[in-house]
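Structural characterization, general
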Amino acid sequence: MAASPRILVANRAERELLLGPTERYLRGRWADRDWRNVPGPFYGARTDNCWTGREIAPDHVVYEDEFGSEIVFRQPRDAVEVRLVLSAAWNDPYASYAVDGDAHWTLDLVRKWWSDRDRLAAWIDGLQRAWSVSERADERDNAAGLRDFGRYLAGGLEGDLRGYGFWLDHRRAPRPGETLPDL
């Protein structure tokens, strides 16, 4: 049996900690995922409300306003970013992140999610405006993350989702010149 890779938890300067087996901290359930998670392998599903995700993976995680749960708003694109999102998941005391989105998303579900983007944009805009003037530094930080999410939703996310849709249908990256699916 091959040994698990030794991957350190990101952004833990006080001591070296290993991420360890993912089955210990990636136990979120698809049925519990937050609708605002961007389609892809990673998602938050009733995570804690300790607000640690942005400290570790600020380019990938924001908080929702009802329970303070963590939402994956940008899927990781390389090994460094995967380590950051895994580290955010490792810090969730409820172990409610998951990485099995590829087993559940279909191109049709991605299209359905994308068709609801106006609702998502309205939520982002409203919460971002409210929290950008908060007396709490953590809410102002989340407002900055929400602005980033809003910019990504307005430009860039569609292309990423089209590439993900191609991957879902073909289980490989598109080759140069291949047509990506419409959303």
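First, a word on what this report is: a plain description of the structure on this page. (Residues numbered from 1 in each chain as written. Predicted model: local features only at pLDDT ≥ 70, side-chain atom pairs only at ≥ 80, totals over all residues. Heavy atoms only, no water.)

1. Quick word on the environment of Arg-172
Take Arg-172: it is sitting in the segment after α6 (157-170). For the pair Arg-172 and Arg-136, spaced 36 residues apart in sequence, the C-alpha separation works out to 44 Å. The residues contacting Arg-172, other than those within four sequence positions of it, are Phe-166, Trp-167 and Glu-178. (Helix = DSSP H or I, 4+ residues; strand = E, 2+ residues; numbered from the N terminus. Contact = heavy atoms within 4.5 Å.)

2. Overview of the packing of aromatic side chains
Applying the stated criterion across every chain yields a total of 6 aromatic pairs. Centre to centre, the rings of Trp-30 and Tyr-43 are 5.4 Å apart; their planes meet at 85 degrees, and the pair counts as edge-to-face. Of this pair, Trp-30 sits in the segment before β1 (43-44) while Tyr-43 sits in strand β1, placing them 13 residues apart in sequence. Comparing Trp-30 with Tyr-43 shows no difference in burial state: the two are buried. (Phe/Tyr/Trp six-rings, centres within 6.5 Å; stacked < 30°, edge-to-face > 60°. Buried < 20%, exposed > 50% of the residue type's maximum accessible area, 1.4 Å probe, protein only.)

3. Quick look at the nonpolar core
As a rule of thumb, soluble globular proteins bury nonpolar side chains together. Core analysis: the biggest nonpolar cluster contains 41 residues, and Trp-113 and Leu-157 have the highest contact counts within it. Elements represented by at least two residues in this core include exactly β2 (61-63), β3 (70-72), α2 (79-90), β4 (97-98), α3 (107-115), α4 (117-132), α5 (137-154) and α6. Apart from the residues lying within four places of it in its own chain, the contact partners of Leu-157 are Val-38, Trp-113, Trp-114 and Tyr-152. (Core = buried A, V, L, I, M, F, W, Y, C linked by side-chain atoms within 4.5 Å.)

4. A few points about the side chain of Arg-36
Looking at the element boundaries, Arg-36 is found in the segment before β1. In terms of polar contacts, Arg-36 uses its side chain to reach the side chain of Asp-34, at 2.8 Å. Excluding residues within four positions of it along the chain, Arg-36 makes contact with Glu-64, Asp-65, Ile-71, Val-72, Trp-113, Leu-120, Trp-123 and Phe-149. (Polar contact = N/O pair within 3.5 Å; in protein donor to acceptor, adjacent residues only side chain to side chain.)

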